[in-house]
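Coordinate analysis (summary)
The chain contents come next:
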Amino acid sequence: MAAAIGKKVLDEEWLAARSTEVELTGVELTTTHPPTSDQSPWMEAVVPGTVLATLLKNKLVPDPFYGLENESILDIADSGREYYTFWFFTTFECKLSTDQHVDLNFRAINYSAEVYLNGHKKVLPKGMFRRHSIDITDLLNSDGENLLAVLVYPPDHPGKIPPEGGQGGDHEIGKDVAAQYVEGWDWMAPIRDRNTGIWDEVSLSVTGPVKMVDPHLVSSFFDDYKRAYLHTTVELVNQSNSVAECSLNIQVGAEQEGDIFLVEHLQTQHLYIPAGSHVQHTLPELFFYKPDLWWPNGMGKQSLYNVEITVDVKDYGESDSWSQHFGFRKIESYIDSTTGGRLFKVNGQPIFIRGGNWILSDGLLRLSKKRYETDIKFHADMNFNMMRCWGGGIAERPEFYHYCDIYGLLVWQEFWITGDCDGRGVPVSNPDGPLDHDLFLLCARDTVKLLRNHPSLALWVGGNEQVPPDDINTALRKDLELHPYFTNCKHSKEEISAISKDPSEYLDGTRIYIQGSMWDGFANGKGDFTDGPYEIQNPENFFKDDFYKYGFNPEVGSVGIPVAATIRATMPPEGWQIPLFNTLPNGYVQEVPNPIWNYHKYIPYSKPGLVHDQILLYGTPKDLDDFCLKAQLANYIQYRALLEGWTSRMWTKYTGVLIWKTQNPWTGLRGQFYDHLHEQTAGFYGCRSAAEPIHVQLNLATYLVEVVNTTSEELSNVAIEVSVWDLEGACPYYEIFDKLTIPSKRTVSTFEMKYPKSEDPKPLYFLLLKLYKMSDYEILSRNFYWLHLSGGDYKLLEPYKNNKIPLKITSLTLIRGSSYEVRMHIENKSRGPNSRSLVHNNHVLKGASRDFGMPPEAVDGVPDREKGTSLFPKMLRNFLTRSNGLQVAEINGTETGVAFFLHFSVHASKTQKNGEDTRILPVHYSDNYFSLVPGEVMTVILNFEVPPGITPRIVLHGWNYQDGHTVL
């Protein structure tokens, strides 16, 4: 049977073998002696993936991310490049009909390769970030059975790892156009094979006589976004030896409710393509009136249209097709005169950037759509709106951008330059960048073509803490020159059309290029090392005038110890030892971690001379569980304060901040909001709270209560409820400040907290702030603090662990296949005789969104006003869903007080072997690490996938519930 037009991904049944152990040639492997999986030295391969990922899959090396096992794996500097030079082999079926053509595509390999197909040899040139496409039409076997072998060579300059480690090892990897983190960093151990392998998609693309290459979509707007135009340019290749009479068709539509697809445009253009020619063709622009716009997370919907382009050839039919989700949006940025920081606008609206730095999903390049979706959704769950793809990592893949499009994450994409490896390292590295500048530019241009149609892609940046060499920088500026429409929006459409070519004819033309991460509105704008700091801070410092001088900080980082279960799952018992706390003469404490924590780049929760140990504020931890729990308290406070401090000065001092970093591509112990196993830290939820679009917060430096409104609408007739709670469950301070108006895009100081200045304040107390609408009591923001008096600590919380606070948890579980959605309705049943009666409870789901949709009416006590936030009716219409009905669990207790620092986890219901990690990961929680004051109610929604044959159970832990309670 003839092959169908379209793409076929080759991601199964690959074999691999070390080249030095294979005596056959590539011609022999793909003709007379094809290998099989039962023949030594061949093994099952990971494709896409790396050599090290393949060796790990076959248990030929220990897990490099576990304990100190990476030290037992031979480094390429010691083994030589040939040790990690590997053959990869597979077979595929492909039989063409008359006038059909087929390309073999490698979306990326590292670093160069020889390809053998049915005895024919082709060479894939060097470069980690370039696509390769080989016309194999004349190389296929007539019976349709084809043998493919690929010999992959490591980077030319893999470098050596100095005994002291360092940023990018000896910096030799910077001579290649490759990821630089592989020689190790202060947050990453070295990758022993330097990521050698077929690390991205391999595919076949079958076409007729004419194929399309790299269509480019651009939108332009006029009349205050009422009129929009879609511009399209596509490269067309006539692979035949005669003129092709073609019909070029473009269809634009959008999915509607009820699985309806609405076609908004359908246009056909006839053209002739000369024999054997490669032409660029621009289609007539398409007009849209008031299209649904794509907005970043927190600003509106991520509306996406589906654009499909087909080319039909006379006497043949459909010859090729291409489709892409596309978002109508416009991104602008400029250096703000008030702050000196770069200010971004989307669709004409200023956006205060709160996001994080991203390295990559996995250090062994085990990349998947499923893992990408979890990663990106986690960032959206934290209410972030930008991710910076750091220059020492990779040019992220289309799947990464696909989920950024869906979840509304703007992306700052850097090219492959770092200060450490490209001129500013210790020792001083090569300032001329990679040896082959033409190769760098080829990879850069190809990356632009690969990613440019994604609405989430916001800007290009030349490098991390460094600019590219002059010739590369100049070429990138020219290549990424903006179309006049995107430099001066005051021109009319007619004027723009008269002075310039169509914007889709540019390489990009729509996004600004910044030469380096600390230039032109970032850090001090001049390239000096003015990002950071990267360690623990006193929480109140984030709010102070002198904390950070510049308008946009591209990197500021801190601690990130994960939960104890992750430590146990990723380290042997000697790694479970908590740090020693050595008291210094100046009264500060220095933490001394165990060697495994040192290897995994742990940074302490103290900064002697400046910051007292933030874990010891709660008392000396007695074991790993106690240490990690107290670390989560510190994580939550640290990162909430960081973002609240920045947002407190929105537009008056700052335009944005990116936290270093949001996650680790291995089992690191610093700078992360979730670990490599996809378990969130409490810092995740501190960020989620602080970065919500409408937010009430306490300025920790001034004790003023502030309201943040990042939305485009004014908040009117709102009120703030303030309640202070002590360890006995009493409410010594309660007040409502009503009839407030908060302008759009503003942070407003409303009033000063009076309680700490009152007579006989408690040394430790809880503060609950609620911002709500006076019209219907809908909660817009809820924020819970635990605070101590100046100079104090949190040690009174230690005996408070023994207070048993009664809870009632009502749950509803919905199951669709392996997908679970559980709504937990948690009530603090304690009520003290002198507890104040709150104006209203937390019946409205905080942060309700499309991802946390369940039937509110199914839970007792949830008012009707919540029902509008639920997606359940649609879900019920479209899927066969089963529910196990309401279940109620009660945790008995006799004390009255705050149920403190509650957090859920999901486990497999099975007999636990000694030391076995039973957690089901990942889980998306609408909130976690939360606290409930007496009488308070909150709804938390959990979404997760369950492995086959496993029944989940949900466990509730908390400060007052150390042993955990199974609640479902």
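Residues numbered from 1 in each chain as written. Predicted model: local features only at pLDDT ≥ 70, side-chain atom pairs only at ≥ 80, totals over all residues. Heavy atoms only, no water.

A few points about unusual backbone geometry
What counts is decided by this rule: Numbering goes from the N terminus for both helices and strands, where a helix is a DSSP run of H or I of at least four residues and a strand is a run of E of at least two. Buried, partly exposed and exposed residues are distinguished by accessible area as a fraction of the type maximum, computed with a 1.4 Å probe on protein chains only: under 20%, between the cut-offs, and over 50%, respectively.
Cis peptide bonds are those with omega within 30 degrees of zero, and the linkage from serine 40 to proline 41 qualifies with 10°. As for its position among the elements, proline 41 is in the loop between α1 (26-29) and β3 (43-44). A cis geometry characterises the amide bond from glycine 532 onward to proline 533, with omega recorded as 0°. Checked against the element boundaries, proline 533 lands in the loop between β26 (513-514) and β27 (552-557). Phi at aspartate 223 is positive, roughly 55°, even though this residue is not glycine. One non-glycine residue, aspartate 315, adopts positive backbone phi at about 70°. Here aspartate 315 lies in the loop between β17 (305-313) and β18 (317-326). What makes aspartate 315 exposed here is its relative accessible area of 77%.

Remarks on the side chain of histidine 101
Counted only if it meets this: Contact definition: two residues touch when any of their heavy atoms are within 4.5 Å.
By the element assignment, histidine 101 lies in strand β5 (residues 101-106). Residue class for histidine 101 comes out buried when judged on its relative accessible area of 14%. Apart from residues lying up to four places away in sequence, histidine 101 is in contact with Leu96, Thr137, Ser205, Val206, Thr207, Gly208, Pro209 and Gln239.

Focus on the sheet that holds strand β21 (residues 349-351)
Rules: One requirement defines pairing of two strands: DSSP has to find at least two bridges between them. Lines fitted to C-alpha atoms define the axes here, with helix axes fitted over just the stretch in contact, and angles between the N-to-C directions of these axes take values from 0 to 180 degrees.
Across the sheet, which stays open at both edges, the 3 strands sit in the order β19-β20-β21 with antiparallel pairing between neighbours. Each edge of the sheet is formed by a strand with only one pairing partner; in this case those strands are β19 (331-335) and β21. The sheet shows a mean angle of 35° between the axes of neighbouring strands, taken without regard to direction. When β19 meets strand β20 (residues 342-346), the two strands line up antiparallel, connected through 5 bridges. Looking at the pairing, isoleucine 335 lines up with arginine 342 of β20.

Comments concerning helix α6 (residues 437-451)
Operational definition: One less than the residue count of a helix, multiplied by 1.5 Å, gives the span that helix is expected to have. Polar contact criterion, stated in full: a pair of N or O atoms within 3.5 Å, where within protein one must be able to donate a hydrogen and the other to accept it, and residues adjacent in sequence count only if both atoms are side-chain atoms.
Here α6 spans 21 Å end to end across 15 residues, near enough to the 21 Å set by a 1.5 Å rise per residue. Burial analysis of α6 places 11 of its 15 residues in the buried class, the great majority of the element. Elements that come into contact with the buried residues of α6 comprise α5 (398-407), β24 (410-414), β25 (457-461) and α7 (470-479). If you check the start of α6, you find a side-chain oxygen 3.2 Å away from the backbone N of aspartate 438, and it comes from aspartate 436.

Looking at empty space enclosed by the protein
Inclusion rule: Cavity and pocket criteria rest on a 1 Å grid covering protein atoms alone: a 1.4 Å probe that fits but cannot get out defines a cavity, protein on both sides within 12 Å along at least 5 of 7 lines defines an open pocket, and an atom within 4 Å of a point defines a lining residue. Grid points are joined across faces, edges and corners, and a volume is the space filled by probe spheres set on the points. Residue classes follow a fixed rule: Ala, Val, Leu, Ile, Met, Phe, Trp, Tyr, Cys and Pro count as nonpolar, while Asp, Glu, Lys and Arg count as charged, and any other residue, Gly among them, counts as polar.
For the coordinates displayed, the defined rule picks out 7 cavities of 30 Å³ or more. Considering only enclosed or pocket space, the largest cavity measures out at about 110 Å³ in volume. Lining the largest cavity are 15 residues, and of these Leu217, Phe326, Arg329, Thr510 and Arg511 lie nearest its centre. For the lining of the largest cavity, the class distribution of residues is 5 nonpolar, 6 polar and 4 charged.

Considerations on the confidence of the model for the protein chain
The following threshold applies: As a per-residue measure, pLDDT tells how confident the predictor is, with possible values from 0 to 100.
Residues at a pLDDT of 70 or more form 94% of the protein chain, whose mean pLDDT is 93. This stretch, residues 843-881, has a pLDDT under 50; its non-local contacts, to residues over four places away or in other chains, come to 84 contacts.

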